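Here is how the chains run, residue by residue.
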Amino acid sequence: GERGMHRLRRSSKCYDITLNKKDSKFNVNLIADVEYNEPGFQEFLEYFKNAWLYIKDQNDIYHLFINLGLCKKEHELPLPAYIKLIKMITDLNDIIINHCHSICILTEGSEKWENAYKLITKLWNPPEQRPLKFTRDENEVNLFFKINKLIK
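Cut-offs and rules
Residues numbered from 1 in each chain as written. Predicted model: local features only at pLDDT ≥ 70, side-chain atom pairs only at ≥ 80, totals over all residues. Heavy atoms only, no water. Helix = DSSP H or I, 4+ residues; strand = E, 2+ residues; numbered from the N terminus. Buried < 20%, exposed > 50% of the residue type's maximum accessible area, 1.4 Å probe, protein only. Contact = heavy atoms within 4.5 Å. Areas by Shrake-Rupley, 256 points an atom, 1.4 Å probe, with all protein chains shown as cover. Core = buried A, V, L, I, M, F, W, Y, C linked by side-chain atoms within 4.5 Å. Salt bridge = Lys/Arg side-chain N within 4 Å of Asp/Glu carboxyl O. Expected span 1.5 Å × (residues − 1).

Chemist: Report on the overall build of the protein, specifying residues and quantitative values.
Modeler: A tally of regular secondary structure across the protein gives five helices and six strands. Helices and strands in the protein line up, N terminus first, as β-β-β-α-β-α-α-β-α-β-α. Evaluated residue by residue, the protein yields a buried proportion of 45% over its 152 residues. A separation of at least 24 residues holds for 71% of the contacts in the protein among residues at least 6 apart in sequence. Carbon and sulfur atoms form 50% of the exposed surface of the protein, whose accessible area is close to 8,700 Å².

Chemist: Could you give me a rundown of the nonpolar core, with the residues and numbers involved?
Modeler: The tendency in soluble globular proteins is for nonpolar side chains to be buried side by side. Counting 35 residues, the largest nonpolar core has Phe26, Val28, Phe44, Phe48, Trp52 and Leu64 as the members making the most contacts within it. By residue number, the principal contributor to this core is helix H1 (residues 38-58), which donates seven residues. In this structure, Trp52 is in contact with Phe26, Tyr62, Leu64, Leu92, Ile95, Ile96, His99 and Cys100, ignoring residues within four places of it in sequence. Counting six residues, the second largest nonpolar core, distinct from the first, contains Phe65, Leu106, Val141 and Phe144.

Chemist: Residues and numbers for the pattern of salt bridges, please.
Modeler: Counted by the stated rule, this structure contains seven salt bridges. Of the charged contacts in the structure, one is a salt bridge between Lys87 and Asp91, with a shortest N-O distance of 2.9 Å. In this pair, Lys87 and Asp91 both sit in helix H2 (residues 79-91), four residues apart, roughly one turn of the helix. Residues Glu108 and Arg136 are paired through a salt bridge, measuring 2.2 Å at the closest nitrogen-oxygen approach.

Chemist: I'd like a rundown of helix H4 (residues 110-124), residues and numbers included.
Modeler: With 15 residues, H4 ought to run about 21 Å at 1.5 Å a step, and its terminal C-alpha atoms sit 21 Å apart, in line with that. Residues of H4 that are buried make contact with H2, strand E5 (100-107) and strand E6 (132-135).

In structure tokens form, the structure reads like this:
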């Protein structure tokens, strides 16, 4: 693509991942209201991990935006899926501390996931972490990204 417009995209009926070089955003949309599908979620986690390996190889820095949706859904991600997602983020911490400005997760249940994340990081307790925010307010996302940046 044009310089600065480099986009890497991977979609399925369950998720959509886009790396947008122009605004340094790694967008992850877990598409609302499809029934949870374990193999599909495992595939998503694999692409998520590979995207971070690609970002590291390119020596780029991205903001990570995970959109889990705000509407009340018939099919919510089950707790084990959230835990796998948070575990994947923690497994990638060595890459994330150098290649991720900050992480923002937009979700209806932001308070409960914030508490779950705090509990997990208390148990895991890495020496360094990038700022991570759970929110249900889309305006907070851009503000959080503006404030939290790595200096290259």
